[in-house]
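Summary of the model geometry
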Amino acid sequence: MNLSDRGQVTKDGIRLYEKSDFAGMHTAGALAAQILDDIAEHVFVGQSTREIDRIIEEKVNAAGATSATIGYKGYQHASCISVNHVVCHGIPGDKKLKDGDILNIDVTVIVDGWFGDTSRMYVAGKLSRKAERLIQVTHDALMLGIEAVKPGNTFGDIGHAIQSYVESQRMSVVRDFCGHGLGLVFHAPPNVLHYGRPGTGAVLQEGMFFTIEPMVNLGRAETKVLADDWTAVTRDKSLSAQFEHSIGVTGSGAEIFTLSPKGTFHPTYQS
């Protein structure tokens, strides 16, 4: 049997993994989270995102793992680094970080066939009050989404938990990008929307593995993709933030595979 064919598949096309598969996801997720812990000291004013990416690739290789993004649909970097009004899929480059820049670093590694996918926010220099609030709301929205994960709930419940909180804070949820199933593949059903109505969408079942990764804008929700066909930015050039965890549905809730070993998932060190 092909490893990617293991477990049952629901009528919605979502694979249900076995309890024994959680260990592999924890191992892959822990490595991705460890790399994001370790990269924090390399985020500072004057640093280039290309150099941050080089260090990430070095750490992936040193761990004996594989980068899931190098070579994926032609992409050639070990991370996506999205600065300020870049929503996601920012390409590392030579531009230097400035004081007050906020950035999301997204890393996916493959360990023994299992995919560990996570992202979090970082700050170069002094954090502005509005950026601090954006980061906090985005972090809390992710955690509220994870709290909605338990068998019998729906993916609409996850999206609603995120959307209702973000909009209550007078910010907007990006609708053009979403979370996704993963496990022994990088992207698989379901699409995990960060907005929605309670009780709608597929029903959550034990053994589902997926990411929740809300992108939140200070301004309007609309995005556009630049000519490089990767970089997505806010149309109104407002600041954007994102946090991402990979999780598995258990009999009673969710296990987070990508918890920060140092407890530094949030840039002010709230795990």
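Residues numbered from 1 in each chain as written. Predicted model: local features only at pLDDT ≥ 70, side-chain atom pairs only at ≥ 80, totals over all residues. Heavy atoms only, no water.

**A short note on unusual backbone geometry**
Definition in use: Numbering of helices and strands runs from the N terminus; a helix is a DSSP stretch of H or I covering at least four residues, while a strand is a stretch of E covering at least two. Throughout this description, buried means an accessible area under 20% of the type-specific maximum (1.4 Å probe, protein chains only), exposed means over 50%, and partly exposed covers the range between.
The omega torsion of the bond from Pro189 to Pro190 falls at 5 degrees, within 30 degrees of zero and hence cis. Positionally, Pro190 belongs in strand β10 (residues 188-192). One non-glycine residue, Lys73, adopts positive backbone phi at about 50 degrees. For Lys73, the position within the fold is in the loop between β3 (66-67) and β4 (80-83). Residue classification places Lys73 among the exposed positions, given a relative accessible area of 66%. One non-glycine residue, Asp112, adopts positive backbone phi at about 55 degrees. Checked against the element boundaries, Asp112 lands in the loop between β6 (102-111) and β7 (114-123). Asp112 sits in the exposed class, given a relative accessible area of 70%.

**A look at the sheet that holds strand β14 (residues 232-234)**
Applicable threshold: Whether two strands pair comes down to DSSP finding at least two bridges between them. For helices, the fitted line uses only the C-alpha atoms of the stretch in contact; every axis is such a line through C-alpha atoms, and the angle between N-to-C directions lies from 0 to 180 degrees.
Pairing is antiparallel across the open sheet formed by 3 strands, whose spatial order is β5-β14-β13. In the strand order of this sheet, the two ends are held by β5 (86-88) and β13 (223-225), each with one partner. Ignoring which end each strand starts from, the neighbouring axes of this sheet average 40 degrees apart.

**Looking at helix α3 (residues 129-147)**
Here is the rule: Expected helix span is given by 1.5 Å per residue-to-residue step, counting one fewer step than there are residues.
Taking 1.5 Å of rise per residue, 19 residues should cover 27 Å, and α3 covers 27 Å from first to last C-alpha, within 8% of that figure. All buried positions along α3 are accounted for by Ala131, Leu134, Ile135, Val137, Thr138, His139, Ala141, Leu142, Gly145 and Ile146.

**Quick notes on the pattern of salt bridges**
Note the threshold: Salt bridges are counted wherever a side-chain nitrogen of Lys or Arg sits within 4 Å of a carboxyl oxygen of Asp or Glu.
Under the criterion given, the structure shown has 8 salt bridges. In this structure, the salt-bridge partner of Arg54 is Glu58, at a minimum N-O distance of 3.2 Å. Of the two residues, Arg54 and Glu58 both sit in helix α2 (residues 49-62), 4 residues apart, roughly one turn of that helix. Salt bridges sharing common partners tie together Glu51, Arg54 and Glu58.

**With respect to the packing of α3 against helix α4 (residues 155-168)**
Heads up, the rule is: Each angle gets one of four labels, with under 35 degrees taken as roughly parallel, over 145 as roughly antiparallel, 65 to 115 as roughly perpendicular, and the rest as oblique. If you view the pair so one helix is near and one far, a crossing is left-handed when the near helix is turned anticlockwise from the far one by less than a right angle, and right-handed when it is turned clockwise. Two residues qualify as a contact provided that any one of their heavy atoms is within 4.5 Å of a heavy atom in the partner residue. Note on residue classes: Ala, Val, Leu, Ile, Met, Phe, Trp, Tyr, Cys and Pro are nonpolar, Asp, Glu, Lys and Arg are charged, and everything else, Gly too, is polar.
Viewed as axis vectors pointing N to C, α3 and α4 meet at an angle of 150 degrees, and their least axial separation amounts to 8 Å. Our classification of the angle between α3 and α4 gives roughly antiparallel. Between α3 and α4 lies a crossing of right-handed hand. In contact with Val137, Asp140, Ala141, Leu144 and Gly145 of α3, α4 contributes Ile158, Ala161, Ile162, Tyr165 and Val166. The class makeup of the residues in the contact of α3 with α4 is 8 nonpolar, 1 polar and 1 charged.

**A word on the sheet that holds strand β15 (residues 240-242)**
Think of a sheet as strands paired side by side through backbone hydrogen bonds, with each pair either parallel or antiparallel. Taken in spatial order, the 3 strands line up as β8-β12-β15 in an open sheet, and their pairing is antiparallel. Strands at the two margins of the open sheet, each flanked by one partner only, are β8 (172-173) and β15. As paired strands, strand β12 (residues 215-217) and β15 are joined by 3 bridges and run antiparallel to one another. Looking at β15, one finds that Met215 is bridged to Gln242. Where α3 meets the sheet, its contacts fall on β12 and β15, and the angle it forms with β15 comes to roughly 35 degrees.

**Quick look at the nonpolar core**
The test is simple: Definition of nonpolar core: a set of buried residues of the types Ala, Val, Leu, Ile, Met, Phe, Trp, Tyr and Cys, connected through side-chain atoms within 4.5 Å.
Among the nonpolar cores identified, the biggest contains 35 residues, and Phe155, Ile158, Phe210 and Ile212 are the most heavily contacted of them. Taken together, the elements giving at least two residues each to this core come down to β7, α3, α4, β11 (209-212) and β16 (245-249). If you tally residues by element for this core, the top one is α3, at 7 residues.

**Some remarks on the packing of aromatic side chains**
Here is the rule: Working definition: a ring pair exists when centres of Phe, Tyr or Trp rings (six-membered ring for Trp) sit within 6.5 Å. Plane angles under 30 degrees give stacked, over 60 give edge-to-face, the rest tilted.
Overall, the coordinates contain 10 aromatic pairs when judged by the stated rule. Here the aromatic rings of Phe115 and Phe186 are separated by 5.6 Å at their centres, their planes lie at 20 degrees, and the arrangement is stacked. Within this pair, whereas Phe115 is found in strand β7, its partner Phe186 is found in the loop between β9 (179-181) and β10, the two being separated by 71 residues in sequence. The exposure classification of Phe115 matches that of Phe186, with both residues buried. Members of the aromatic cluster, joined through ring pairs, are Tyr17, Phe22, Trp114, Phe209 and Phe257.

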